[in-house]
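Examining the three-dimensional arrangement
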Amino acid sequence: MSNVEHVSEDAGEGAGDDGGGLLIEPYGGGLIDLLVDGARREELVNHAAGLPRVRLTARNVCDLELLATGGFSPVARFLGEADYRRVLEEMRLADGTLFPLPVTLAVSPEAPLQLDGEVALADQQNNLLAVMRVEEIYEWDLEREARLAYGTVDPRHPLIAEMHSWGRFNISGELRVLALPRHYDFRHVRLTPAQVRGQLTALERRNVVAFQTRNPLHRAHEELTVRAARQIDGTLLLHPVVGLTKPGDIDHYTRVRSYNVLAERYYERRRMVLALLPLAMRMAGPREAVWHAIIRRNFGANHLIVGRDHASPGRDSNDRPFYGPYDAQQLLSEHSAEIGVTPLPFAELLYLPEEDRYEEASRIPDGAQTASISGTEVREHYLHRGRSLPQWFTRPEVANILAQAHPPRDRQGFCLWFTGLSGAGKSTTAEILLVKLLEHGRQVTVLDGDVVRTHLSQGLGFSKEDRDTNIRRIGYVASEIVRHGGGVICAAVSPYRTTRNECRAMVGGDGFIEVFVDTPLAVCEGRDVKGMYALAREGKIKNFTGIDDPYEPPLSPEIVIDTVRQSAEENAERILRHLIEQGFVQPSSNGVDDARQSAASDDDRRPRPAVSSAAASNGAA
């Protein structure tokens, strides 16, 4: 690893110290510090004005912040090729240091840079952040990285879906950071590793246990963290992730508001520090747990609470978990001694109503009355229905914050994503469904593929790159509508499975409902009044889906509709029933919907294959 950067070893509080020997030292021996200040900074800012500029993604910006402040110590730059390849293969940097996940900066071939030249790095608002001397440019392989680092190529994994939009080349070189990303929220707890170490040192306890969280804390979590700190006779570092987490997670504003309340009113202030972690999670399960331990060591922790399914992205296209429930605990345990961070398993705690306290499940005698609420029950039985969470389960202040952020299900946003061949019946079904949703009081926006190309994507062609750009634009607009509680129907061919999964990740959670309009190619051609298929077969239209460009059917859509044996209105009714069953739409007050639901056929309730035999046999895939 060729990192010749400034390593802070000052002993002063908040200056990158290790607590004067009190806290565990940073991973690698000292905190990396890439920030340029004083006259050197002013000179470099002026110099950067004349350099070519690369705009970083939100993920890159999070990575740059942690590189600059030492969160990724001893790594001091986006990985060069030797480090990158060994990290993938062995979870180690080129010099042998354990480091489980790649931290890279991908660029397109058209990026304005050259070897041994300099480039300015800016955020999406074009704010200047850093200058890099480009010492390496190397090509990376998406499938290889996906398999080695994340254990899957399934585009249902949110990072794998995102990787398809990254540039083909990685760049690396010396970084000089001029400014950290601008944050205007929760400034009192946006602390660098050096600042966190300063606060922990002031509490005068050698042992520190970090709690990795991207969700609100309930009473069981609170009890667990308090017990963990007492177990090691140390301090709790409550360290929620506020960068990129799993799509569909509760927004960080809501989460941090709840953490603030707990820190101020319920935790013992002499035993805890609350700080925010601007980490872009990879949702990489076992490898990510090891990564989290290294990061927390740099912030001063020598213990880490590791839960079941740590950093899991959920379930894959075959509805199986991406990782085993205890894989993360096992991998971290294997490397704990080398990292210097001890994992503390996340014990299951149950509430004992008769004693008004929590206890570990393994220590509760048989027959004792217990109470618990699963995450699914929190969402479906309480938040989605507008019911208050019980006080034994969560603090009333936290319950109020969650209620404000989570309106009842029928006021939450959703996205119906219609995909299928041209002429399959997407737009017709969508138009009927729109009317039925309006009848039920849901305001819905329709993003039709042809209309979007006129208003949002004018000038784009039909190459794979342009098609992906068009679909990503639809996905982005849809995600914003859903985020603000609206319903949206997207009706576009969207032929590529990976790009559709990118849109699923943008929308997040279970608010993305993929509707596969499974119409055979021959039927679509027969319906083609514009003669587009005929022109494509004659070679007069190029890159036409189903003729000389592939259509990739969904592997596990939420709904499959048949437009040959069912009418468009019947299909619209079926989708409406699904939305009512999921709680996104209220049944009508006249009882018609209840009758329709009870009359639903067994076929509607039985899981359907992702691709019918008709579609599979006619070349549509």
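Keep in mind the model is a prediction, meaning the values are calculated, not measured.

1. Let's talk about the sheet that holds strand β18 (residues 444-448)
- On the basis of which strands lie adjacent, the open sheet formed by 5 strands has the order β18-β19-β17-β20-β21 and parallel pairing. Both edges of this open sheet fall to β18 and β21 (559-561), since each of them pairs with a single strand only. Recorded for the sheet is a direction-independent mean angle of 20° between the axes of neighbouring strands.
- Sheet topology places strand β17 (residues 414-419) next to strand β19 (residues 487-491); 5 bridges connect them, and they run parallel. Considered in β19, the bridge of Phe418 is made with Ala491.
- Along the sheet, helix α16 (residues 497-507) makes contact with β17 and β20 (512-517), crossing β20 at roughly 155°.
- Each of β17, β20 and β21 is contacted by helix α19 (residues 568-582), which is oriented at about 170° to β21, the strand it contacts most.

2. Some details on the side chain of Ser317
- Here Ser317 is to be found in the loop between β13 (303-306) and α10 (327-339).
- When its relative accessible area of 7% is taken as the criterion, Ser317 is described as buried.
- Within the structure, the side chain of Ser317 is placed 2.7 Å from the side chain of Asp154, a separation counted as a polar contact.
- Setting aside residues no more than four positions away along its own chain, Ser317 makes contact with Asp154, Arg156, Leu555 and Ser556.

3. Describing the side chain of Thr519
- With respect to the helices, strands and loops of the structure, Thr519 is situated in the loop between β20 and α17 (521-527).
- Judged by relative accessible area, which is 2%, Thr519 ranks as buried.
- In this structure the side chain of Thr519 is engaged in a polar contact, spanning 2.9 Å, whose partner is the backbone oxygen of Ala424.
- With near-sequence residues (within four places) excluded, Thr519 lies in contact with Leu421, Ala424, Cys524, Arg527 and Thr563.

4. Digging into the nonpolar core
- Residues Phe72, Leu121, Met132, Tyr150 and Leu279 are the most contacted members of the largest nonpolar core, which totals 80 residues.
- Per-element accounting of this core gives the leading share, 6 residues, to helix α9 (residues 286-298).
- The contact partners of Met132, leaving out residues within four places of it in the chain, are Phe78, Leu105, Gly117, Glu118, Val119, Leu121, Ile171, Ser172, Gly173, Glu174 and Leu175.
- Grouped together as the second largest cluster of nonpolar side chains are 36 residues, Val189, Leu238, Val256 and Leu262 included.

5. A few points about the packing of aromatic side chains
- Considering all chains together, one arrives at 12 aromatic pairs under this definition.
- With a centroid separation of 5.6 Å and 45° between ring planes, the pair formed by Tyr84 and Tyr138 is classed as tilted. A residue pair is termed long-range when its members are at least 10 positions apart, and Tyr84 in helix α3 (residues 81-90) and Tyr138 in strand β7 (residues 136-139) qualify at 54 residues.
- Plain terms: the ring middles of Tyr533 and Phe544 are 4.8 Å apart, the flat faces sit at 75° to each other, and that makes the pair edge-to-face. Of this pair, Tyr533 sits in helix α18 (residues 532-537) while Phe544 sits in the loop between α18 and β21, and the two are 11 residues apart along the sequence. Assigned by exposure class, Tyr533 and Phe544 land together as buried.
- Following the ring pairs from residue to residue traces out a cluster consisting of Tyr351, Tyr358, Trp392 and Phe393.
- Its guanidinium or amino end placed over the ring of Tyr382, Arg387 lies 4.7 Å from that ring's centre, counting from NZ or CZ.

Procedures and definitions
Residues numbered from 1 in each chain as written. Predicted model: local features only at pLDDT ≥ 70, side-chain atom pairs only at ≥ 80, totals over all residues. Heavy atoms only, no water. Pairing = 2+ DSSP bridges. Helix = DSSP H or I, 4+ residues; strand = E, 2+ residues; numbered from the N terminus. Axes fitted to C-alpha atoms, helices over the stretch in contact; angles between N-to-C directions. Contact = heavy atoms within 4.5 Å. Buried < 20%, exposed > 50% of the residue type's maximum accessible area, 1.4 Å probe, protein only. Polar contact = N/O pair within 3.5 Å; in protein donor to acceptor, adjacent residues only side chain to side chain. Core = buried A, V, L, I, M, F, W, Y, C linked by side-chain atoms within 4.5 Å. Phe/Tyr/Trp six-rings, centres within 6.5 Å; stacked < 30°, edge-to-face > 60°. Lys NZ or Arg CZ within 6 Å of the ring centre and 35° of its normal.

Taken by themselves, the reported measurements are silent on function.
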